[in-house]
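Chain residues, written in single-letter form:
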Amino acid sequence: MIQADDIILQQKVAGDPSIIAKYMIYEDNLRMINDQNKTDTLINGKRVIPVVFHIIHVYGAENISDAQVLDGLDRLNIDYNKQNADTADTYPLFQSRAADCEIEFRLAKIDPYGNCTSGILRHYDPQTNFAYFQTMSDYAWPPSKYMNIFVVNFIYPEGMSLPDGAFIGGMSPFPPSNPLSQALTGGDTLMDGVLIRHDGIGAIGTATTLGGMPINALNRTFTHETGHYFNLYHPFQNLMLGLLPAASGCPDFFAPDGDEVDDTPPVDAATQNTSASCFVPGSRNTCDQDNPDEPDMIENYMDYQWGFCTNIFSNGQLDRINATLSGDRNMLWSYENLVATGVLDTSAVLCEPVADFFAEKEYICAGGSINFFDASYNGHPDTYVWYFSGGNPSISNDTNPTVQYNTPGIYEVSLMVFNTEGSDSVVRTDYINVMDTALSYDAPYTESFESITLASEFDLFNDVAATWELSSAAYYSGSKSVYINNFDGNINGSYD
Ligand SMILES: [Zn+2]
């Protein structure tokens, strides 16, 4: 993982130094927030936060199961209520500073339109492979009512090139009133919530290896990113802001406050493991400006060790969380909103299903078979009715049927799903392409471009009008080749 949020913030601050002045005023005001605005809706002594997951996917592994989402939510609740077993690993000096945040996250049961929801939405969108804050804006439910979690395959920040093999586990742009959030989002208040990789949610399913690394004995990416959502900074925040001329996160006269929290000792830079083992708690002390001089709190959730090496939010961090719950996030846990989002009802509720499916492949030679997979969500269906024009069988009640196609042509597939609450259907016209084996070519197949009508002979899907172009500048044989100019059409969020 890399410190993408640091790098991006440094770029934003370098581009607009006035952010620093706004940040300082904001932090001064935040320190003065008291409980006057605070709603007092405690449920079993906890602040309950309605949560909605938006899973952005292309029917791949990133379309994680409901079970994995629930596992992620369970682990979040454990950490935010200091029920984590590894709190015993906290350095003794810091154990009395470990905070019980008394926050409970619950899946929303009522959507913004008043309809039944499972709180887990699924959207087919290739943006999942280059997701950034725009993805959040595209799918967010009102952030004053729901904590939005956006689950994606790969996070790719605008204007930033990631080194080979590097990846970003998650990002969250702080609450909207924070000038640093505005620097990141341009003031788009729908860019609020947590953007996170699918393998950063929970510890089962795809999360058994975060980014292909076998480090997920206990994954804390979700805990860390929700910390940012509640306005927590990294312990090395000075470094992030580029406040100091030297490349150091330790405090000095010009930047005394670090992460704006008193009980997390100052830290020079991110504590990052280079192996699968944790640093020994209390074994690092990268800044000596604190008095008394204390070791780094390397086990803090907001530092950068592997998740299983972190185990604490501090009481000072909880003060910031509380200030955020009294400010930007105060609507979320109001009684009115708990009713509106349905989270006071903890019984299992079945909603009407939303029909969805995908095929293992869409092109096939005559005589071949295709596996179809149910991807319905929101409410588990108890009955499936598939229609396969041109297929054998042409009707199926299986959950995931296999269908043979014997006659060349282009065919429609539809799925209807039912449960006791209702039904839904989805129709894909011109979906399955069955090709005549008599028209097949022998390998190796070569194509020349000396005389060709590009637009009509090659399919291309591109939303910024880049298309096939002929070139004489390069060729393997003959005198021409074709290319797509993506260099000039490389708008963030575009696809082809
Ligand atoms: Zn972070």
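Residues numbered from 1 in each chain as written. Predicted model: local features only at pLDDT ≥ 70, side-chain atom pairs only at ≥ 80, totals over all residues. Heavy atoms only, no water.

## Section: the coordination of the zinc ion
Counted only if it meets this: Each metal's donors are the N, O and S atoms within 2.8 Å of it, or within 3.2 Å when it is Na, K or Ca, and because water is not part of the set, sites may look incomplete. In DSSP terms, a helix is any run of H or I states spanning at least four residues, a strand is any run of E spanning at least two, and both are numbered starting from the N terminus. Relative accessibility under 20% of the residue-type maximum defines a buried residue, over 50% an exposed one, and the middle range a partly exposed one, all with a 1.4 Å probe and only protein chains included.
Taken together, the protein donors to the zinc ion comprise His224 (NE2), His228 (NE2) and His234 (NE2), at separations of 2.1 Å. Counting the intervening residues between successive donors of the zinc ion yields the motif H-x3-H-x5-H. Residue histidine 224 is located in helix α7 (residues 221–229), and its partner histidine 234 is located in the loop between α7 and α8 (237–241); the two are separated by 10 residues in the primary sequence. Residues histidine 224 and histidine 234 agree in their burial class; the two are buried.

## Describing the domain arrangement of the protein
Formally: An automatic or database domain assignment supplies the residue ranges for each domain. Two residues qualify as a contact provided that any one of their heavy atoms is within 4.5 Å of a heavy atom in the partner residue. Summed over both partners, buried area is the accessible surface (1.4 Å probe) that two parts give up on being assembled. Nitrogen and oxygen atoms within 3.5 Å of one another constitute a polar contact, given that in protein one can donate a hydrogen and the other can accept it, and given that sequence-neighbouring residues count only through two side-chain atoms. Each residue receives one of three labels: charged for Asp, Glu, Lys and Arg, nonpolar for Ala, Val, Leu, Ile, Met, Phe, Trp, Tyr, Cys and Pro, and polar for the others, Gly being one of them.
Segmentation of the protein into domains returns domain 1 (4–340), domain 2 (357–439) and domain 3 (444–496). Distance from the C-alpha centre of domain 1 to the C-alpha centre of domain 2: 41 Å. On the domain 2 side, the residues contacting the seven residues of domain 1 number six residues. For the pairing of domain 1 and domain 2, the buried interface totals around 550 Å² over both sides, and the portion due to carbon and sulfur atoms is 51%. Together, Tyr59, Ser118 and Arg122 form the three largest contributors to the area buried by domain 1 at its contact with domain 2, with a combined 76%. Between the two partners, domain 1 and domain 2, sit four residue pairs in polar contact (both at pLDDT 80 or more). Class assignment for the residues of the side of domain 1 that touches domain 2 results in four nonpolar, two polar and one charged.

## Looking at the pairing of strand β5 (residues 147–152)
As a reminder of what qualifies: Each pair of strands is called paired provided DSSP finds at least two bridges between the two strands.
Along β5, six of the six residues are buried, which leaves the element largely enclosed by surrounding structure. Alternating residues of β5 divide into Met147, Ile149 and Val151 and Asn148, Phe150 and Val152, and every residue in both groups is buried. Pairing geometry for strand β2 (residues 46–57) and β5, over five bridges, is parallel. Across the sheet, valine 52 pairs through a bridge with asparagine 148, a residue of β5. Pairing geometry for β5 and strand β7 (residues 194–197), over four bridges, is parallel.

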